[in-house]
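# A structural walkthrough
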Amino acid sequence: MTDTTQSTQATHKPRPLIDLLVSIIIPSLILMKLSGEAKLGPDGALMLALAFPLGWGSFELLKYRKFNFIALLGLVSVLLTGGIGLLKLDNQWLAIKEAAIPGLIGIAVLVSTRTRYPLIRTMLFNKTVLNVDKIHERLEQAGNTEQFDARLLMATYWLSGTFFFSSVMNYVLAKWIVISPAGSEAFNTELGRMNLLSYPMIAIPSMIMLMAIFYFLWRTIHGLTGLKLEDVMANAEQEKQP
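Residues numbered from 1 in each chain as written. Predicted model: local features only at pLDDT ≥ 70, side-chain atom pairs only at ≥ 80, totals over all residues. Heavy atoms only, no water.

The name an unreviewed UniProt entry gives the protein chain is MFS transporter, with Pseudomonas leptonychotis as the organism.

Have a look at this one:
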């Protein structure tokens with residue numbers, strides 16, 4: 001009975017290719033190819049393009065029924081982009097919005113270090129990724145808990161730095177590419193180009209930084225506990241169980 005109940009609960013699995021397709025590639029192509037007056041027009045293309053990430057993000061939140069601060073900010077970002085375009089606001093607001101979302105996440109990561117629930121534990125050091133209980137048990141046995149907490153705090157600062165990097169780059173990219181009036185066909189085309197360029201110029205470097213932080217975290221765990229990688233990965237531990 002318990003197994004049946006657990007199996008029916010939806011668990012979130014990362015789908016980066018689908019996220020990339022729905023959130024960046026399809027909306028960008030719509031903005032760049034369908035914004036002409038002979039097609040959907042600037043407003044119609046913008047609304048259709050925003051419907052993809054908005055619909056996908058809403059689906060994820062509703063299906064897994066788990067509050068996700070970053071996902072919520074992503075939905076807010078999409079709505080603000082639509083508002084700027086449809087209300088034909090000054091482009092400066094787009095640049096500010098692009099910088100504000102990752103900037104707020106970076107600030108939230110820093111603020112969380114003063115709480116009982118630092119965000120790095122939600123993003124990297126959590127039970128879906130690592131066997132947290134076994135790691136804590138070994139740390140306590142070796143008397144290295146305080147040393148680990150200090151290094152985890154350092155990793156948290158680095159994590160916030162990746163979001164501040166994204167914030168600055170988003171602002172620069174928006175100011176550099178989107179120069180046409182909001183609500184115009186050219187604005188939509190530039191917005192689509194900005195979305196496409198944001199992946200190689202911002203998302204990939206940020207991903208590399210996150211991988212470096214995770215590697216630092218793994219080296220710290222290995223050095224302080226002596227555990228091997230297959231011993232600390234959550235999925236590997238589950239596969240060993242009959």
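By secondary structure assignment, the location of leucine 139 is in helix 7 (residues 132–142). Residue classification places leucine 139 among the buried positions, given a relative accessible area of 0%. Sequence-wise, leucine 139 and glycine 226 are 87 residues apart; in three dimensions their C-alpha atoms are separated by 9.5 Å. (Helix = DSSP H or I, 4+ residues; strand = E, 2+ residues; numbered from the N terminus. Buried < 20%, exposed > 50% of the residue type's maximum accessible area, 1.4 Å probe, protein only.)

Moving on to the packing of helix 5 (residues 91–112) against helix 8 (residues 145–177). Geometrically, a packed helix pair is captured by the angle between its two axes and the distance between the axes. Relative to each other, helix 5 and helix 8 sit at 180°, their axes nearing to 8 Å. When the axes of helix 5 and helix 8 are compared, the pair comes out roughly antiparallel. Facing helix 5, whose interface residues are Gln92, Ala95, Ile96, Glu98, Ala99, Pro102, Gly103, Ile105, Gly106, Ile107, Val109 and Leu110, helix 8 presents Thr156, Tyr157, Leu159, Ser160, Phe163, Phe164, Ser166, Ser167, Asn170, Tyr171, Ala174 and Lys175. For the contact of helix 5 with helix 8, the residue count by class is 14 nonpolar, eight polar and two charged. (Axes fitted to C-alpha atoms, helices over the stretch in contact; angles between N-to-C directions. Parallel < 35°, antiparallel > 145°, perpendicular 65-115°, else oblique. Contact = heavy atoms within 4.5 Å. Nonpolar A, V, L, I, M, F, W, Y, C, P; charged D, E, K, R; others polar.)

With that settled, consider the UniProt feature "transmembrane region" (unreviewed entry) in the protein chain. UniProt tags residues 16–32, 44–62, 69–87, 99–117, 157–179 and 199–218 as "transmembrane region" (unreviewed entry). This span, residues 99–117, is 74% helix and 0% strand, and a straight line between its end C-alpha atoms measures 25 Å. Helix makes up 100% of residues 199–218 and strand 0%, with an end-to-end C-alpha separation of 26 Å. (UniProt positions renumbered as here; feature names shortened; annotations may be inferred.)

On the surface, a cluster of nonpolar side chains totalling about 780 Å² of accessible area is made up of Leu104, Ile107, Leu110, Val111, Leu153, Met154, Tyr157, Trp158 and Phe164. A total of five residues in the nonpolar patch trace back to one element, the largest contributor, which is helix 8. As for its placement among the helices and strands, leucine 153 is situated in helix 8. Residue class for leucine 153 comes out partly exposed when judged on its relative accessible area of 34%. (Patch = residues over 30% accessible without salt bridge, like charges linked within 9 Å, V, L, I, M, F, W, Y side chains within 5 Å. Areas by Shrake-Rupley, 256 points an atom, 1.4 Å probe, with all protein chains shown as cover. Salt bridge = Lys/Arg side-chain N within 4 Å of Asp/Glu carboxyl O.)

Phe125, Leu130, Ile135, Phe148, Leu217, Ile221 and Val232 are the most contacted members of the largest nonpolar core, which totals 23 residues. Listed by contribution, the elements that provide at least two residues to this core are helix 5, helix 6 (119–123), helix 7, helix 8 and helix 9 (185–225). Residue contacts for phenylalanine 148: discarding those within four places in its chain leaves Phe125, Leu139, Leu217, Thr220, Ile221 and Leu224. Within the second largest apolar cluster, 19 residues are counted, among which are Ile84, Phe187, Leu191 and Ile202. (Core = buried A, V, L, I, M, F, W, Y, C linked by side-chain atoms within 4.5 Å.)

Looking now at the packing of helix 7 against helix 9. Between helix 7 and helix 9, whose axes approach to 9 Å, the crossing angle comes to 45°. One element, helix 7, and the other, helix 9, form an angle in the oblique class. Like other packed secondary-structure pairs, helix 7 and helix 9 cross with a definite hand, here left-handed. Where helix 7 approaches helix 9, its residues Ile135, Arg138, Leu139 and Ala142 are matched on the opposing element by Ile221, Leu224 and Thr225. Residue classes in the contact of helix 7 with helix 9 are distributed as five nonpolar, one polar and one charged. (Left-handed = near helix turned anticlockwise from the far one by under 90°.)

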